[in-house]
Every structure is written in structure tokens, then in C-alpha cells.
Amino acid sequence: MNEKMPYYMAYPIPLSFDDERTERMDFEYLKSLYPEMPKRILPYVEEECDRMEYENSMIYDQYPDKLQLKLMCGRVCDRVRKYEKAGDLPDDQVLRDLAEVLVFQELYRRRCDFRRRQRRFY
């Protein structure tokens, strides 16, 4: 009658894996609600962030260099101007501001994911 429970049942792992999946789905859904112009710019932002995502990248520094972040945004704007129709784009300052907001948001998400991966010890 006094049967022992398996270890994994006595001390269950929190459902943090499910939380990550829920956060990812929520983020993807909210990105799908972006207005037209940010949706068009977002692939260029993600491409630039992919390019900068490597071991010991400055994007993972505690305080990323402001100049490097501005240069990233400038490269995003240059690619948008090169590959999108000029008549459909906002003026330079609005495009620059929108690119900066999207880049900083994407970097925040990637930095959070990076820190989350670093905390696991299994």
C-alpha cells in the first residue's frame, strides 16, 4: 500500500516549456497585426538581426553600442530603399524611426531568448 512515487512525479518540472511556446505564438500573432508598412520592413529587420546574431555579438552586450545600433538601422533603411518601390515608402526620417523601433524590439526579443537559453542547466 505504501508504494513509492517515481522521482519525476514527486518533483514535476514546471511547465516553462509551454510558457515559451505561448509567448512565441502570442508574439507572432501580434506581429501579424502590424500595419502594412511595418510588415514590409520587418523582413529586412529580421535579416539584419540574423546577420548580427553570432557568439559574442555586440547585440548581447549589457549595453550595446549606440553607434553600432544606428548603423544596423541605417543598413535596414538602405535595403528597404533598394528593394521596395520608392513611391510607397514614407519620407526618410519616418522610415528611419520606424526601422529603429522595429530593430530595437527585435533585439529585445532575441536578447530575452538568449538569456533564457543561458539559464538552463540540463
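What counts, and where the lines are drawn
- Residues numbered from 1 in each chain as written.
- Predicted model: local features only at pLDDT ≥ 70, side-chain atom pairs only at ≥ 80, totals over all residues.
- Heavy atoms only, no water.
- Disulfide = S-S within 2.5 Å.
- Buried < 20%, exposed > 50% of the residue type's maximum accessible area, 1.4 Å probe, protein only.
- Helix = DSSP H or I, 4+ residues; strand = E, 2+ residues; numbered from the N terminus.
- Expected span 1.5 Å × (residues − 1).
- Contact = heavy atoms within 4.5 Å.
- 1 Å grid on protein atoms, 1.4 Å probe; cavity = no way out; pocket = protein on both sides within 12 Å on 5 of 7 lines; lining within 4 Å.
- Points joined across faces, edges and corners; volume = space filled by probe spheres on them.
- Nonpolar A, V, L, I, M, F, W, Y, C, P; charged D, E, K, R; others polar.
- Axes fitted to C-alpha atoms, helices over the stretch in contact; angles between N-to-C directions.
- Parallel < 35°, antiparallel > 145°, perpendicular 65-115°, else oblique.
- Left-handed = near helix turned anticlockwise from the far one by under 90°.
- Phe/Tyr/Trp six-rings, centres within 6.5 Å; stacked < 30°, edge-to-face > 60°.

Participant: Any chance you could explain the state of the cysteines here in plain terms?
Facilitator: A covalent bond between the sulfur atoms of two cysteines is what we call a disulfide. On inspection of all chains with the given rule, the structure shows zero disulfides. Between Cys49, a cysteine without a disulfide, and Cys73, which holds the nearest cysteine sulfur, the sulfur-to-sulfur distance is 8.5 Å. Residue Cys49 is classed as buried on the basis of its relative accessible area, which comes to 0%. No disulfide involves Cys77; its nearest neighbouring cysteine sulfur is the one of Cys73, lying 6.9 Å away.

Participant: Is there a simple way to explain helix α4 (residues 66–83) in this structure?
Facilitator: Structurally, the α-helix is built with 3.6 residues per turn, so residues lying three or four positions apart point the same way. Between its terminal C-alpha atoms α4 stretches 26 Å, which fits the 26 Å expected from 18 residues at 1.5 Å a residue. What α4 keeps buried is the set Leu69, Met72, Cys73, Gly74, Val76, Cys77 and Val80. For α4, the secondary structure elements touched by its buried residues are α3 (36–52) and α5 (92–119).

Participant: Help me out: how do you make sense of the layout of surface pockets in this one?
Facilitator: To find leftover empty space, one rolls a probe the size of a water molecule over the atoms. In this structure, the largest pocket encloses a volume near 310 Å³. Residue lining of the largest pocket: 13 residues in total, with Glu23, Arg24, Arg109, Asp113 and Arg116 positioned closest to the centre. Looking at the lining of the largest pocket, the elements with two or more residues in it are α2 (16–32) and α5. Partitioning the lining of the largest pocket into residue classes produces three nonpolar, one polar and nine charged.

Participant: Mind showing me how you'd approach the packing of α3 against α5 here?
Facilitator: The description of two packed helices rests on the angle between their axes and on the distance between the axes. Between α3 and α5, whose axes approach to 9 Å, the crossing angle comes to 55°. Taken together, α3 and α5 sit at an angle that is classed as oblique. The way α3 lies across α5 gives a crossing that is right-handed. Only Leu95, Leu98, Ala99, Leu102, Val103, Glu106, Leu107 and Arg110 of α5 make contact with α3, whose side of the interface consists of Met37, Pro38, Ile41, Leu42, Val45, Glu46, Cys49 and Asp50. Grouping the constituent residues of the contact of α3 with α5 by class yields twelve nonpolar, no polar and four charged.

Participant: Is there a simple way to think about the packing of aromatic side chains in this case?
Facilitator: Geometrically, a pair of aromatic rings is defined through the distance of the ring centres and the angle of the planes. Counted according to the given criterion, the structure contains one aromatic pair. Here the aromatic rings of Tyr60 and Phe114 are separated by 4.1 Å at their centres, their planes lie at 20°, and the arrangement is stacked. Here the residue Tyr60 occupies a position in the loop between α3 and α4, and Phe114 occupies one in helix α5, the gap between them amounting to 54 residues. For Tyr60, a relative accessible area of 17% puts it in the buried group. According to the relative accessible area criterion, Phe114 is partly exposed, its value standing at 27%.

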